[in-house]
Amino acid sequence: MKHAEDPASGHPRGRRIAGRAQLDHLNDPYKATTKPGKGTACPTCGAVFDAGRWSWQETAAPVGEAPCPACQRTADAFPAGIVEIGGGFLAGREEELCNIARHCEAAEKPEHPMNRIMEISTQPGRIEITTTDIHLPRRIGEALKRAYDGVLDMHFDEDGYFVRVEWRRED
Ligand SMILES: [Zn+2]
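Residues numbered from 1 in each chain as written. Predicted model: local features only at pLDDT ≥ 70, side-chain atom pairs only at ≥ 80, totals over all residues.

Attention now moves to the confidence of the model for the protein chain. Averaged over all residues, the pLDDT of the protein chain is 84; the fraction at 70 or higher stands at 81%. Per-element mean pLDDT across the protein chain ranges from 50 in helix α1 (residues 20–27) up to 98 in strand β7 (residues 126–131). Across residues 1–20, confidence stays below pLDDT 50; counting only partners more than four residues off in sequence or on other chains, it has 10 contacts. (pLDDT = per-residue confidence, 0-100. Helix = DSSP H or I, 4+ residues; strand = E, 2+ residues; numbered from the N terminus. Contact = placed C-beta atoms within 7 Å.)

Structure follows, in structure tokens:
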């Protein structure tokens with residue numbers, strides 16, 4: 001046996017954390033507890049589990065059904081990310097700003113089916129967008145910054161698998 005198990009973590013000793021994606025897998029409780037069989041389909045969104053990940057694909061005969069992590073989070077109303085948009089600049093531009101967020105999701109979703117907007121709530125001077133993952137909020141925040149400048153802040157909580165992105169512009 002080449003790798004000894006580290007008794008503390010249960011992971012092979014000496015394995016390096018290579019990147020963001022690997023950390024996500026370790027930290028997201030929804031992904032860690034969901035280990036469906038190959039060909040399992042989500043009854044809500046139709047995503048199929050194959051080769052260790054959920055993807056969009058046509059399967060003639062799904063081998064079983066299990067909710068995917070994104071649909072589970074949505075059902076639990078337990079977001080992994082929040083985008084808070086605020087400031088005087090919003091007035092009259094709510095729809096335009098929400099469309100940027102929706103466009104980001106549309107660009108992300110084909111390749112990353114688990115990265116989705118859960119809910120968009122609009123109030124005077126404030127928009128809150130919740131997501132099923134920690135990458136989409138950043139993408140939305142950066143798109144807002146590119147389009148309208150303003151002030152972008154990102155607070156990343158690795159232990160909790162949670163990100164809060166704030167974008168503000170006053171005038
Ligand atoms: Zn699903």
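Moving on, there is more to tell.
Right, let's talk about helix α3 (residues 69–76) for a bit. Residues Pro-69, Ala-70, Cys-71, Arg-73 and Thr-74 constitute the buried set of α3. Immediately beyond the C-terminal end of α3, within one or two residues, lies Ala-77, with a positive phi of roughly 50°. (Buried ≥ 20, exposed ≤ 12 C-beta atoms within 10 Å, placed from the backbone.)

For Ala-51, which is not glycine, the phi dihedral falls at a positive 55°. Summarising the element assignment, Ala-51 is placed in the loop between β2 (48–50) and β3 (53–55). Under the C-beta neighbour-count criterion, Ala-51 is labelled exposed, with 6 such atoms within 10 Å. We note that Ala-77 has phi near 50°; this positive angle belongs to a residue other than glycine. Within the element layout of this structure, Ala-77 appears in the loop between α3 and β5 (81–86).

We now examine the sheet that holds strand β6 (residues 117–123). Picture the strands of a sheet paired through backbone hydrogen bonds; they go either parallel or antiparallel. Strand order in this open sheet of 5 strands is β6-β7-β5-β9-β8, and the pairing throughout is mixed. Each edge of the sheet is formed by a strand with only one pairing partner; in this case those strands are β6 and β8 (151–157). On average, each strand axis in the sheet is inclined to that of its neighbour by 10°, with strand direction left out of account. Sheet topology places β5 next to strand β9 (residues 162–168); 6 bridges connect them, and they run parallel. When the bridges of β9 are listed, Ile-85 appears paired with Trp-167. (Pairing = 2+ DSSP bridges. Axes fitted to C-alpha atoms, helices over the stretch in contact; angles between N-to-C directions.)

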